[in-house]
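What follows is each chain in one-letter form.
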Amino acid sequence: MINLEKISEYADETAAFICGRAGPGPEIGLVLGSGLGPLGEKLEYPVVIPYGDIPHFVKSTAPDHKGRLITGRLGGKTVFCMQGRFHYYEGYSMAEITYPIRVMNRLGIKTLILTNACGGLNREFAPGDLLLITDHINFMGMNPLIGPNAAGFGPRFPDMSRVYTPALADCARSAARNLGITLREGVYLGYSGPSFETPAEIRLFQSFGASAVGMSTVPEAIVARHCGMKILALSCITNLAAGILDQPIRSEEVTEAAGRAGERFGRLLEEILRRIELS
Ligand code: HPA
């Protein structure tokens, strides 16, 4: 278990290790979600570090999450790409699953792109649709900032009124328009999993105003906001959520649908990276 009192010291240590292997200067953090890992292969001049080699990283146990850090160039930017993330349902603490975000902060990364696979809560959505996350609901029953405040990263009570940076959202909208890719928009609700939701829960989440549900992203976004990062979050809708169609949800369909959308997702991501203006 990561000791919160020491998290700042650990993050410095991990950042120094990564710098030693991959060199300094990553500009953008990118977390690849379920089924989207193959996008990591698009990076040019890649340096690959398995999570198992990285001090203080936990092991990636989720199916289809490769568990490798890849740094390299994509869309004209130097990207720190996580090919697979850590989830709360894997049994790790919130501090452990969000630790890589704190390492990115220590590496000087100020812009973060989070991606995931999610269930759609809107009947008009179809598997394979891409969605821009405009806000989130933390329904995970836990907040990653609970515990002693790591003041070296940010304040005790960070503002969450604009988690997802409007300028980055505009960048994603214009990139999608330029490529002729339909980009849905909506509120993402983070649920712990690993069981999928019940139809009654999905009806509740619809009444909350959520458009998408998934088992990640929210803790990372909270920790990234805490340390002042700009955030863009994109989902691939892999299925309609429980009870919307009269059929069970299979995890294989999630990975398959994300895999099928991968090429389109990759083109969008590259175009977004090209358009992002670093401050
Ligand atoms: N629910 C939760 N997480 C998910 C889903 C879902 O329906 N699809 C992909 N990730």
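Structure first, text after, so check above.
The notes below deal with the structure included here. Position labels on residues start from 1 in each chain and follow its written sequence. Totals for whole chains, interfaces and linings use all residues, but because this is a predicted model, local features are given only for residues with pLDDT of at least 70 and pairs of side-chain atoms are given and counted only at 80 or more. Neither water nor hydrogens contribute to the side-chain values; these are computed over all heavy atoms in the structure.

A cutoff of 4 Å decides nearness: a residue is near a molecule or strand if any of its heavy atoms lies inside that distance of it. Taken together, Ala-117, Cys-118, Gly-119, Phe-196, Glu-197, Val-213, Gly-214, Met-215, Thr-238, Asn-239, Ile-249 and Val-254 make up the full set of residues near the ligand. With respect to the ligand, the backbone of Ala-117 contributes an N or O atom lying 3.4 Å from a nitrogen atom. At 2.7 Å, a side-chain N or O of Asn-239 approaches a nitrogen atom of the ligand. Residue-level accessible areas treat just the shown protein chains as cover; the underlying method is Shrake-Rupley with a 1.4 Å probe. Protein contacts shield 96% of the accessible area of the ligand, which totals 260 Å² for the unbound molecule. Comment: elements are numbered from the N terminus, with helices defined as DSSP H or I runs of at least four residues and strands as E runs of at least two. Of all the elements in the fold, those that place two or more residues in the shell around the ligand are strand 5 (111-120), strand 8 (212-214) and strand 9 (230-240). Each residue gets one of three labels, nonpolar for Ala, Val, Leu, Ile, Met, Phe, Trp, Tyr, Cys and Pro, charged for Asp, Glu, Lys and Arg, and polar for the others, Gly among them. Here the residues of the shell around the ligand sort into seven nonpolar, four polar and one charged. Between N or O atoms, a polar contact is any pair within 3.5 Å; within protein, one atom must be a potential hydrogen donor and the other a potential acceptor, and residues adjacent in sequence are included only when both atoms are from side chains.

Think of a salt bridge as a Lys or Arg side-chain nitrogen and an Asp or Glu carboxyl oxygen that are within 4 Å of each other. Counting across every chain of the model gives 15 salt bridges. Arg-275 serves as the salt-bridge partner of Glu-271, at 2.8 Å between the closest nitrogen and oxygen. Taken as a pair, Glu-271 and Arg-275 lie in helix 6 (residues 251-275) at a separation of four residues, close to a single helical turn. A relative accessible area of 11% means that Glu-271 is categorised as buried. The exposure class of Arg-275 is partly exposed, given its relative accessible area of 31%. Working definition: with a 1.4 Å probe on protein chains only, accessible area under 20% of the residue-type maximum means buried, over 50% means exposed, and in between means partly exposed.

Of all the seven residues making up strand 4 (residues 77-83), seven are buried; the element is thus mostly covered by neighbouring parts of the structure. Neither face of strand 4 is exposed, since Lys-77, Val-79, Cys-81 and Gln-83 on one face and Thr-78, Phe-80 and Met-82 on the opposite face are all buried. Here, strands pair whenever DSSP counts at least two bridges between them. Strand direction decides the pairing type here: strand 3 (residues 68-74) and strand 4, joined by seven bridges, are antiparallel. In the strand pairing of strand 4, Thr-71 is matched with Phe-80.

On to the packing of helix 1 (residues 7-22) against helix 2 (residues 94-106). Direction vectors running N to C along helix 1 and helix 2 enclose 60°, while the axes themselves pass 9 Å from each other. The chirality of how helix 1 crosses helix 2 is right-handed. Along the contact surface, helix 1 presents Ile-7, Ser-8, Tyr-10, Ala-11, Asp-12, Thr-14, Ala-15 and Ile-18, while helix 2 presents Ala-95, Tyr-99, Arg-102, Val-103 and Arg-106. Split by residue class, the contact of helix 1 with helix 2 holds eight nonpolar, two polar and three charged. As a rule, the C-alpha atoms of each element are fitted with a line to give its axis, helices using only the stretch in contact, and angles between N-to-C directions run from 0 to 180 degrees. Note on convention: near helix rotated counterclockwise from far helix by under a right angle means a left-handed crossing. Clockwise means right-handed. When checking whether two residues touch, look at their non-hydrogen atoms; a contact exists if any pair is within 4.5 Å.

This paragraph deals with the pairing of strand 3. Burial analysis of strand 3 places five of its seven residues in the buried class, which makes it a mostly covered element. Relative to strand 3, strand 2 (residues 44-50) is paired through five bridges, and the arrangement is antiparallel. Within strand 3, the residue paired with Val-48 across the bridge is Ile-70. The turn linking strand 3 back onto strand 4 is made up of two residues, and Gly-75 within it adopts a positive phi angle of 55°.

Limitation: the analysis is restricted to geometry and does not speak to function.
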